[in-house]
Amino acid sequence: MFLRELPEPVIPFNFFDKFIAACKLSSEKERVTTMKGLVKVLPRANSDTLKYLLEHFRRVVEHSHQNRMLVQNIAIVFGPTLLLKPPDTNPNTDPMAAASGGHMAVYMVYQNQIIDTMLTEYLTIFH
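Residues numbered from 1 in each chain as written. Predicted model: local features only at pLDDT ≥ 70, side-chain atom pairs only at ≥ 80, totals over all residues. Heavy atoms only, no water.

1. Focus on the nonpolar core
Among the nonpolar cores identified, the biggest contains 31 residues, and F19, L50, L54 and M118 are the most heavily contacted of them. Put simply, the parts of the chain that give this core at least two residues each are α2 (16–23), α3 (28–41), α4 (44–62), α6 (71–82), α8 (104–120) and α9 (122–126). In contact with M118, not counting residues within four places along its chain, are I11, F19, M35, V39, L50, L54 and I125. (Core = buried A, V, L, I, M, F, W, Y, C linked by side-chain atoms within 4.5 Å. Buried < 20%, exposed > 50% of the residue type's maximum accessible area, 1.4 Å probe, protein only. Helix = DSSP H or I, 4+ residues; strand = E, 2+ residues; numbered from the N terminus. Contact = heavy atoms within 4.5 Å.)

Take a look at the structure:
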């Protein structure tokens, strides 16, 4: 609950589109390298917090045979919390379209994939 109540997510709003773009890269090596570069330029408190949380999540995954928390499950649960789409500040946005969450499902897929990649490539990204 604490993470959801932060005024800005662990991965700040201004990095959202950059991480989404990195996730869309076709080359896995390029995707991981780009994410590593983005993590390096996060504000120190954010990168330290992200590293600590992902390190903890990796320990949780090590016990997946007991807790059923695979990498994909962690990503589904925490992706939208750690990497949240910035609020739409455009006054011309159709409120019905915004309320329907037209792109919400698409963004959730990317949010999950980003956290999944960060967990599976943790040593490359954070060391």
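2. Some thoughts on the environment of K24
Relative to the helices and strands, K24 resides in the loop between α2 and α3. For K24 and I114, which are 90 residues apart along the polypeptide, the C-alpha to C-alpha distance reads 9.7 Å.

3. Here we look at α6
The set of residues buried in α6 consists of V71, I74, A75, G79, T81 and L82. Relative to the axis of α6, the buried residues are bounded by an arc of 165° and lie together on one face. In the core, the buried residues of α6 are packed alongside α1 (2–5), α4 and α8. (Arc of directions from axis to C-beta.)

4. Looking at α2
Buried residues of α2: F16, F19, I20, A22 and C23, and no others. Axial view of α2: buried residues confined to an arc of 160°, hence all on one face. On its buried face, α2 is in contact with α3 and α8.

5. Re unusual backbone geometry
Backbone geometry at R68 places phi at a positive 65°, although glycine is not the residue there. Considering the arrangement of structural elements, one finds R68 in the loop between α5 (64–67) and α6.

6. Overview of the pattern of salt bridges
In this structure the tally under the stated criterion is two salt bridges. Among the salt bridges present, the one from R59 reaches E55, with a minimum N-O distance of 3.6 Å. In this pair, R59 and E55 both sit in helix α4, four residues apart, roughly one turn of the helix. (Salt bridge = Lys/Arg side-chain N within 4 Å of Asp/Glu carboxyl O.)

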